[in-house]
Amino acid sequence: MSQQAYSLPQRSPLYQAPPFDYKAFSKVSVFCRVDEAAIRAALPAQFELRGDVIEFFIMDVPAGGSLGSYAEGGIVVPMSYQGRPGGHVLYEIVTNDDSMAVGREVWGYPKKMGEVAWAASETAVKAKLSRRGTSLIEIDFKADGPAFEKPALHPRFQTRIIPSPESAAVETQIIENSLGQSETIRQALGTAEIKIGGNANDPFSDFEIREIVGAEMIVANFVLAFGKIVG
């Protein structure tokens, strides 16, 4: 080998080092008001809750740099860390192994493998996120909806958990990550119907929706670069 590998396996690494240049990804998001107690129960102890409006999202990535094409979805909640506001990705399901591994190992994103069904036009999206036969998020979005106030969910603050090879102990790091060179190609506000499912292993349904605050669809570019250990 001419250089040390960034990830395992060493002879044929699963993923390369960042940055990853994302081109024309599509994302549909529904922002919902839920019970604060449910968020607080799921939020890592290092973070403080900063509101009761959370984001349910599903996205299609046709070109994620060396990560290729994949899709994913999950839940993002508003929080702060040591007084700094941001967003924490609480649950995240992804469709390929290199995106899952790099997300978990580098930035601490809570990625698991699952399935995404995605059908979109310029004015509508029907998408479904599921894992092991259980539907987690179903979104039926139509453009031409009212404006709304979105919670601030960037930068991301994640807990990167590093298991010990000697015992059940772990090391936990707080990782801050921001999207670079973000460029919105198209954005549409809209209305959406949403269904949330889950089970004990993927407890998306812990969040009972009290109100749909708003919905949007975007097509955008961004660069996913190295993060920063802040705690």
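Scroll up to find the structure.
Quick caveat: nothing in here was measured; it's all calculated off a predicted structure. (Residues numbered from 1 in each chain as written. Predicted model: local features only at pLDDT ≥ 70, side-chain atom pairs only at ≥ 80, totals over all residues. Heavy atoms only, no water.)

Caption draft 1: Here's a closer look at the environment of glutamine 4. Within the element layout of this structure, glutamine 4 appears in the segment before strand S1 (20-33). When the C-alpha positions of glutamine 4 and tyrosine 22 are compared, they lie 25 Å apart, and in sequence the two are 18 residues distant. (Helix = DSSP H or I, 4+ residues; strand = E, 2+ residues; numbered from the N terminus.)

Caption draft 2: Inspection of the pairing of strand S3 (residues 53-61) at higher detail. The element S3 is extensively covered by neighbouring structure, given that eight of its nine residues are classed as buried. Two strands pair when backbone bridges link them, and S1 and S3 are joined in this way by eight bridges, in the antiparallel orientation. Note that in S3 the partner of serine 29 across the bridge is phenylalanine 57. Of the pairings in the sheet, the one linking S3 to strand S4 (residues 70-81) comprises seven bridges and is antiparallel in character. By the bridge assignment, phenylalanine 56 is partnered in S4 with isoleucine 75. (Buried < 20%, exposed > 50% of the residue type's maximum accessible area, 1.4 Å probe, protein only. Pairing = 2+ DSSP bridges.)

Caption draft 3: Geometry of the environment of isoleucine 162. Among the secondary structure elements, isoleucine 162 is positioned in strand S10 (residues 156-163). On the basis of relative accessibility, which here comes to 31%, the residue isoleucine 162 falls in the partly exposed class. The spatial distance from the C-alpha of isoleucine 162 to the C-alpha of glutamate 105 is 8.3 Å, given a sequence separation of 57 residues. If sequence neighbours within four positions are ignored, isoleucine 162 has contacts with Val170, Glu171 and Gln173. (Contact = heavy atoms within 4.5 Å.)

Caption draft 4: Region of interest: unusual backbone geometry. Here the bond from leucine 8 into proline 9 is cis, since omega is -10 degrees, no more than 30 degrees from zero. When you line up the elements, proline 9 lands in the segment before S1. Cis rather than trans, the peptide bond between histidine 154 and proline 155 has omega equal to 0 degrees. Notably, arginine 132 is not glycine yet its phi reads approximately 50 degrees, a positive angle. Located in the positive-phi region is glutamine 181, a residue other than glycine, with phi close to 50 degrees.

Caption draft 5: Main features of the packing of aromatic side chains. By the definition in use, this model includes 11 aromatic pairs. Ring geometry for tyrosine 22 versus phenylalanine 222: centroids 4.4 Å apart, planes at 15 degrees, classification stacked. Residue tyrosine 22 is found in strand S1, and its partner phenylalanine 222 is found in strand S13 (residues 211-224); the two are separated by 200 residues along the sequence. Its relative accessible area of 7% is what places phenylalanine 222 among the buried residues. (Phe/Tyr/Trp six-rings, centres within 6.5 Å; stacked < 30°, edge-to-face > 60°.)

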